[in-house]
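Residue strings, one per chain:
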Amino acid sequence: QVQLVESGGGVVQAGGSLRLSCAAAGIIIGINAMGWYRQAPGRQRELVAVITSSGTTTYADSVKGRFTISRDNAKNTVYLQMNSLKPEDTTVYYCTANVVSRDYRGMDYWGKGTLVTVSS
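**Some points on the pattern of salt bridges**
Logical step 1: Counted according to the given criterion, the structure contains five salt bridges.
Logical step 2: For D103, the salt bridge identified is with R102, shortest N-O distance 3.2 Å.
Logical step 3: Overall, D103 belongs to the exposed group, its relative accessible area being 54%.
Logical step 4: For R102, a relative accessible area of 72% gives the class exposed.
Logical step 5: Taken together, the shared-partner salt bridges in this structure form one network comprising R38, E46, R66 and D89.

**Structural notes on the packing of aromatic side chains**
Logical step 1: What the rule picks out here adds up to one aromatic pair.
Logical step 2: An angle of 65° between the planes, with centres 5.2 Å apart, marks the rings of Y37 and W110 as edge-to-face. Here W110 lies in strand β10 (residues 107-110) and Y37 lies in strand β4 (residues 30-39), a separation of 73 residues in the sequence.
Logical step 3: Seen from the ring of Y94, R45 lies directly overhead, with NZ or CZ sitting 3.9 Å from the centre.
Logical step 4: Its end group placed over the ring of W110, R45 keeps NZ or CZ at 4.8 Å from the ring centre.

**Here's the deal with the sheet that holds strand β3 (residues 18-25)**
Logical step 1: Strands sit in the order β1-β3-β8-β7 across an open sheet of four strands; the sheet is antiparallel. Of all the strands in the sheet, just β1 (3-7) and β7 (67-72) have a single pairing partner and so form its edges. Strand after strand, the sheet turns through a mean of 15° between neighbouring axes, direction not considered.
Logical step 2: Bridge analysis of β7 against strand β8 (residues 77-82) gives six bridges, and the strand direction is antiparallel. Counterpart to T68 in the pairing with β8 is Q81.

Conventions used here
Residues numbered from 1 in each chain as written. Predicted model: local features only at pLDDT ≥ 70, side-chain atom pairs only at ≥ 80, totals over all residues. Heavy atoms only, no water. Salt bridge = Lys/Arg side-chain N within 4 Å of Asp/Glu carboxyl O. Buried < 20%, exposed > 50% of the residue type's maximum accessible area, 1.4 Å probe, protein only. Phe/Tyr/Trp six-rings, centres within 6.5 Å; stacked < 30°, edge-to-face > 60°. Helix = DSSP H or I, 4+ residues; strand = E, 2+ residues; numbered from the N terminus. Lys NZ or Arg CZ within 6 Å of the ring centre and 35° of its normal. Pairing = 2+ DSSP bridges. Axes fitted to C-alpha atoms, helices over the stretch in contact; angles between N-to-C directions.

Structure follows, in structure tokens:
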């Protein structure tokens, strides 16, 4: 099985920055896309940013200009640089990856989530 290991969450003051990392481990042939979602209590999980294997990126409108997603294909790792953080960004962030393996052309995997807290 594929596992996603997240790091970088924590507490930061408004206007500050955090960098989230997520590394995929396992028997991996390729990764079609990696990204980040977030989910606040009582709300649906929403896309924050995603990057494909070709480098195409997509961002939620609420984070455009503040967050940057990047990927290191050699390390099967995705990063989310979060700048100009706002209290509204406070929530749990989840890493996801669509992974190509021996058995699947594309299977979605999820990390356990990491908490980001932005204080005012």
